[in-house]
Amino acid sequence: MVVSEASTRLAAAVRAARAAVRRGSLSVATDILPLEDIRRPTALLDPERAVVPFLGRRRELDELQSWAESAAPIRVRLVIGPAGFGKTRLAQEFGGQLTEAGWTVVPVPRGREAATLRARPPGDVLFVVDNAATRLGLGAMFDAAGRPARGRTRVLLLARVSGEWARRLRWGSTLWTQLEHGDASQTSLDLPLSPDLSDAAVLAAAAAAFAECLGVVGPVPHVPAPAQEGVTRIVDLHAAAALAVLAAAGAPVLAPAEREPNPVRGLLDVAADSWARSARDAGLELTLDEVQDVVAAACLLGADDPAAARDVLRRVVPGVPWRVGARWLRGLQDSQVELGSSPAGHDRFGDLLIAERLGRSVALVGACTWGLSRKAALRVVRVARRLEIELSEVPGVIALASELLRRATDSCSDDPRALRTMFLLRPRTLYTSTSDEAARGELAVAAARDAVGRAEALVDLGTALKECGRLAEALDALETGVAAWRRIAAGDPDRYRTALADAINTLGATHWGAGLMHEALELEREAVALCRAAPERDWAWVQPELARALINVTVTLDDLGHPQECDEAVTEVLPFLRALVALDPRQWGVNLALTLSNRAVTLTESRPEEAPAFALEAVELCRQLVLQAPERHRPQLAFALTNLGNAYAALGRDREAIEPVREAVDLRRDLARENAVAHTWTLAYSLASLGAVRSRLGDLDEAIALEREAVVLRRRLVRENPTRFRRMLAASLSNLAVTYSRAGEPLEALPLEQEAVAIRRGLAEEGNPGEEYLARSLSNLGVLYSELGRAAEAVAPTEEAIAQLRLLAQVDQDRFEPDLADALLNLGAALIDAGRLEESIEPTAEAVRVRRDLARRSPDVHLPALAAALTNLVSVHIDLGLVDSATEHAQEVVDVRRRLVDGSYAHEQDLLRALDLQARARRAGAVDGRAVRGHPRV
């Protein structure tokens, strides 16, 4: 019999699980669960109990060991990981190893952070701060950590996500100047637990441990592994194993076919039955729904003492005898979680229960949030922000979190701690704010009690105003905030450097949003310079701010038409972003995806053959983010999909472009319905892209409908913010004009292109970049005059376009030669139509020369246009009686058209016309029809 390596590892994991359960946990002193704890199913997953043996994470343990063993007197490490990834168990295992090596391991209680550090025992000490993001005493704690001590001090912070709370530690403590480069570091936990540990092995080990714990006799139940390997949270795998073992132990578990597909939800159902039974045993007449509502309210508000338990019952089931009820509810509080003890076990269970019970009942939300004390309001703020981070993929959770925050604000509108916490815990990946967020910012400014607090609150307010579209107010708040940070930083530049850089960068981004590109670039460059001037020891703090500033610089440089400088900035920032994603993928994955997408945009215009690789990477990264949190990351996916479609289209691969752009339009329609202020302009962007592709493919009715919708949306946007959106309106007007021209309706097209020319000329006269777009519109205008039989009027705008494009091509040949070739072809065609045949030869021949050179470099993109230019040249030569050269060029047209034949009807028809042209040239006959023209797109 041959035993596979995987089978051997699985058997070893099961044996390790049974042995660990028999000997108890090395890192905690919790007893094995008694058999009756089958009635407390979620307690099986309590990390403090360590029922399941520790598996995997060898690399992470080795890194922590190396971090601790350094000779540095003080070191700090932040470990990031979503709920259920095993942060607490990792810290327990690491603490056990250090204890065996002679260290003292000290868990830091909530609310006693500074006192715990001040009472430091002698020798080498590891302080473990779980759920660090919600601790308000970290600044004072780190100040205490900097006091002289006998022995090495290590502080291990555990948190679900980094962000504002971590960033503000730099200026919240004086410790950091005592540390050297690398003494403050960050890492993140990922899945799987280790490369050689499968989900099946984790499930089997957990099932064996639970069976041993609950006294289940017989074979350990088999638990099917998830379809996708290595992406399921450990707590979810353990929940699936617990369900299977509980069913074997006789608990009321539904059959697999009837269970919730989410094992956490399924285990909550079993727990709810046990809560209801315990309530009946206590003499309480509560329905199953009432029991679940009470437990959800306890998870939200806390029930750690009799008064808190009584308050929960009074809010949810006011008729219940409060002494008995409080005793029952407190008896369920057997798991320590982020904000105290919990009746639902692990926070993932409590959060899901809150989302489900309060999400379906406005009345329950109201009952839980009226008349909150400041302490309870602060807790609600923390829970609401946690829901945004951990459960944003659940429909309705973002709306529920917003409502909880709004109601909590009503109870603590003058409490600077609570208001500051709302912004400290806010995920930076939430790209849009509501008026409620701005109102909270105004309250925070009013409640601030010191200069630093007021500066922080002003920048928070400005950011919220910017994100909800109130740009003029945002600029006022941010300019005041930047001035405040400049005054503060003057006294201690290194301590407040990152705060000042972030404020300046945010002000720059707001100028960009208002269409003030030059002002934006000046501010963003100042933020970059501030970051680069930081001492080496601050690199861990400065790198994120430098990355954010460089991201904004790349976007602004692109908008201002500085492609070379944009390339340099992108080349610099991409390695930073990849390193930051490795440290905190949930926070930085979005930034990397957007930067890749922006890179694809710039390459689409300059080096289109390089663009798809960046666009595809961005789409893939965004799809991964959407799997984790669809509500939060749909905007980034839509952006990446649109840019992928545009990248394909720039290479002439229009049919491949359709699917990603159509998906982006569908996503953005949904987003615009949910938040028109934030997403109307992005919907118009995707509509314009899809319309352009449909137009080139000949689906003219659909293209006109899409492009007219984009024009309507952009006219509305221009009324609200002309500085930012005029150039986008001009693009849509020109696109629609070209499509009308293709549909044989030049009269409809002409006023649209004339309006586009007027807008673009006005922008150029104001000093805005975009000469190439004006040149394209002028060239298109010449085509339309020719189509309307006004050939004499066509020459002047086309010549103006050529003059501008020659200048642009001298600066960036690859980018502007295609447009120059089209304009030359259009000028030759206009001269042909005006009867000026001899004058038409020179521009037409030059168009052919340019297109030949382009086709040698990118045949797929430029061969069709080369054939069009050659066709016009043949026509001129025939009309002038230059039969030999006409015949030679006609043969080249046929050769090119043969290369393009791919089975499509259009290409076959093009080949037939080329053969007919060749025959006419040989007969020196006249060529029917007008000259061929190019239609540059925007």
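Conventions we followed
- Residues numbered from 1 in each chain as written.
- Predicted model: local features only at pLDDT ≥ 70, side-chain atom pairs only at ≥ 80, totals over all residues.
- Heavy atoms only, no water.
- Helix = DSSP H or I, 4+ residues; strand = E, 2+ residues; numbered from the N terminus.
- Buried < 20%, exposed > 50% of the residue type's maximum accessible area, 1.4 Å probe, protein only.
- Contact = heavy atoms within 4.5 Å.
- Areas by Shrake-Rupley, 256 points an atom, 1.4 Å probe, with all protein chains shown as cover.
- Lys, Arg positive; Asp, Glu negative; His and termini not counted.
- Charge placed at Lys NZ, Arg CZ, Asp CG, Glu CD.
- Core = buried A, V, L, I, M, F, W, Y, C linked by side-chain atoms within 4.5 Å.
- Expected span 1.5 Å × (residues − 1).
- Pairing = 2+ DSSP bridges.
- Right-handed = clockwise from strand over helix to strand, strands pointing away.
- Phe/Tyr/Trp six-rings, centres within 6.5 Å; stacked < 30°, edge-to-face > 60°.
- Axes fitted to C-alpha atoms, helices over the stretch in contact; angles between N-to-C directions.
- Disulfide = S-S within 2.5 Å.
- Parallel < 35°, antiparallel > 145°, perpendicular 65-115°, else oblique.
- Left-handed = near helix turned anticlockwise from the far one by under 90°.
- Nonpolar A, V, L, I, M, F, W, Y, C, P; charged D, E, K, R; others polar.
- Salt bridge = Lys/Arg side-chain N within 4 Å of Asp/Glu carboxyl O.
- pLDDT = per-residue confidence, 0-100.

Each helix and strand in the protein was counted, giving 40 helices and seven strands. Put simply, the protein has 938 residues, and 59% of those count as buried. Considering only contacts within the protein whose residues lie at least 6 apart along the sequence, 70% involve residues at least 24 apart. Accessible surface, the protein as shown: approximately 37,500 Å² in total, 52% of it carbon and sulfur. The average position of the 113 basic charges and that of the 129 acidic charges among the side chains of the protein differ by 5 Å.

The next thing to look at is the nonpolar core. If you look at the biggest cluster of nonpolar residues, it comprises 125 residues, and the most contacted ones within it are Phe 210 and Trp 275. Discounting residues that sit within four places of it in the chain, Phe 210 has contacts with Leu 44, Leu 45, Val 51, Val 52, His 238, Ala 241, Ala 242 and Val 245. Counting residues in hydrophobic clusters, the runner-up holds 80 residues, among them Ala 640, Ala 647, Ala 664 and Ala 710.

Helix length check: helix H23 (residues 517-532), at 16 residues, gives a terminal C-alpha distance of 22 Å against a target of 22 Å (1.5 Å per residue), a fit within 8%. For H23, the complete set of buried residues consists of Met 517, Ala 520, Leu 521, Leu 523, Glu 524, Ala 527, Val 528, Leu 530 and Cys 531. Here the buried face of H23 lies against helix H22 (493-513) and helix H24 (539-559).

A separate point is unusual backbone geometry. In this structure, the amide linkage connecting Leu 191 to the following residue, Pro 192, adopts the cis form with an omega of 0°. One can find Pro 192 in the loop between strand S5 (184-188) and helix H8 (199-214). Backbone geometry at Asn 131 places phi at a positive 50°, although glycine is not the residue there.

This part takes up the pairing of strand S4 (residues 153-159). Burial within S4 is extensive, with seven of its seven residues counted as buried. Both faces of S4 are covered, namely the face carrying Thr 153, Val 155, Leu 157 and Ala 159 and the face carrying Arg 154, Leu 156 and Leu 158. As judged from the seven bridges shared by strand S1 (residues 74-80) and S4, these two strands associate in the parallel manner. Across the sheet, the residue bridging to Arg 75 is Arg 154, located in S4. Traced from strand S3 (residues 125-129) through helix H5 (residues 138-145) to S4, the parallel crossover comes out right-handed.

To continue, consider the side chain of Gln 804. Looking at where Gln 804 falls in the secondary structure, it is placed in helix H35 (residues 791-811). In this structure Gln 804 touches Glu 771, Leu 774, Ala 775 and Leu 778, once residues within four positions along its chain are discounted.

Glancing now at the packing of aromatic side chains. Each aromatic ring pair is summarised here by two numbers: the centre-to-centre distance and the angle between the ring planes. All chains considered together, the criterion is met by six aromatic pairs. Pairing Trp 67 with Phe 94 gives two aromatic rings, centres 6.4 Å apart and planes at 45°, and the pair type is tilted. Here Trp 67 is found in helix H2 (residues 58-69), whereas its partner Phe 94 is found in helix H3 (residues 87-100), with 27 residues between them in sequence. Phe 94 carries the same exposure label as Trp 67, and that label is buried. With 5.4 Å between their ring centres and 70° between their planes, Trp 171 and Trp 485 make a pair best called edge-to-face.

In this section: the sheet that holds S3. Strand order in the open sheet formed by five strands is S2-S3-S4-S1-S5, with parallel pairing between adjacent strands. If you trace the sheet from one side to the other, it starts and ends with strand S2 (104-107) and S5, each paired once. On average, each strand axis in the sheet is inclined to that of its neighbour by 20°, with strand direction left out of account. Against the sheet, H3 contacts S1, S2, S3 and S4, and its axis sits at roughly 165° relative to S4.

Burial analysis of S3 places five of its five residues in the buried class, the great majority of the element. Neither face of S3 is exposed, since Val 125, Phe 127 and Val 129 on one face and Leu 126 and Val 128 on the opposite face are all buried. Relative to S3, S2 is paired through four bridges, and the arrangement is parallel. Residue pairing in the sheet places Thr 104 in a bridge with Val 125 of S3. Handedness of the β-α-β unit built from S2, helix H4 (residues 113-118) and S3 comes out right-handed.

This part covers the state of the cysteines. All chains considered together, the criterion is met by zero disulfides. Free of any disulfide, Cys 368 has its nearest neighbouring cysteine sulfur in Cys 299, separated by 11 Å. By relative accessible area, Cys 368 is classed as buried at 0%.

Okay, the packing of helix H25 (residues 563-583) against helix H26 (residues 585-606) next. At a closest axis distance of 9 Å, the pairing of H25 and H26 adopts a crossing angle of 155°. Relative to H26, H25 is oriented roughly antiparallel. As H25 runs across H26, the sense of the crossing is left-handed. For the pair formed by H25 and H26, the contact residues are Cys 566, Asp 567, Val 570, Val 573, Leu 574, Leu 577, Arg 578, Leu 580, Val 581, Ala 582 and Leu 583 on the first element and Pro 585, Trp 588, Gly 589, Asn 591, Leu 592, Thr 595, Leu 596, Arg 599 and Thr 602 on the second. Residues belonging to the contact of H25 with H26 are distributed by class as follows: 13 nonpolar, four polar and three charged.

On to the pattern of salt bridges. Taken as a whole and judged by the stated rule, the model has 72 salt bridges. The shortest N-O distance in the salt bridge between Glu 617 and Arg 578 comes to 2.7 Å. Placement of the pair is Glu 617 in helix H27 (residues 611-628) and Arg 578 in helix H25, with a sequence separation of 39 residues. Arg 696 is the salt-bridge partner of Asp 654, the closest N and O atoms lying 3.1 Å from each other. Here Arg 696 lies in helix H30 (residues 676-696) and Asp 654 lies in helix H29 (residues 654-674), a separation of 42 residues in the sequence. Taking relative accessible area as the criterion, Arg 696 reaches 30% and is therefore assigned partly exposed. Ionic contacts of the salt-bridge type, sharing partners, join the residues Glu 164, Arg 167, Arg 168, Glu 456, Asp 460, Asp 502, Glu 545 and Arg 548 into one network.

Turning our attention to the side chain of Asn 721. Within the secondary structure, Asn 721 sits in the loop between helix H31 (700-720) and helix H32 (722-742). Once you skip the residues sitting within four places of it in the chain, Asn 721 turns out to touch Leu 471, Gly 513 and Ala 514.

Right, let's get into the packing of H29 against H30. Contact geometry for H29 and H30: axes closest at 8 Å, N-to-C directions at 155°. By the criterion of interaxial angle, the relationship of H29 to H30 is roughly antiparallel. Here H29 and H30 pass one another in a crossing that is left-handed. Counted together, Asp 654, Ala 657, Ile 658, Val 661, Arg 662, Ala 664, Val 665, Arg 668, Arg 669, Leu 671, Ala 672 and Glu 674 of H29 and Ala 676, His 679, Thr 682, Leu 683, Tyr 685, Ser 686, Leu 687, Ser 689, Leu 690, Val 693, Arg 694 and Arg 696 of H30 form the full contact between these two elements.

Note on placement: Glu 519 falls in helix H23. Assessed through its relative accessible area of 38%, Glu 519 is described here as partly exposed. Separated by 460 residues in the primary sequence, Glu 519 and Arg 59 place their C-alpha atoms 47 Å from one another.

Turning our attention to the confidence of the model for the protein. Per-residue pLDDT for the protein has a mean of 87; in total, 92% of the residues score no lower than 70. Note that residues 1-36 has pLDDT below 50 and, in this model, 41 contacts with residues that lie over four places away or in other chains. For residues 925-930, every residue scores under 50 in pLDDT, and the model assigns this stretch twelve contacts once sequence neighbours within four places are set aside.

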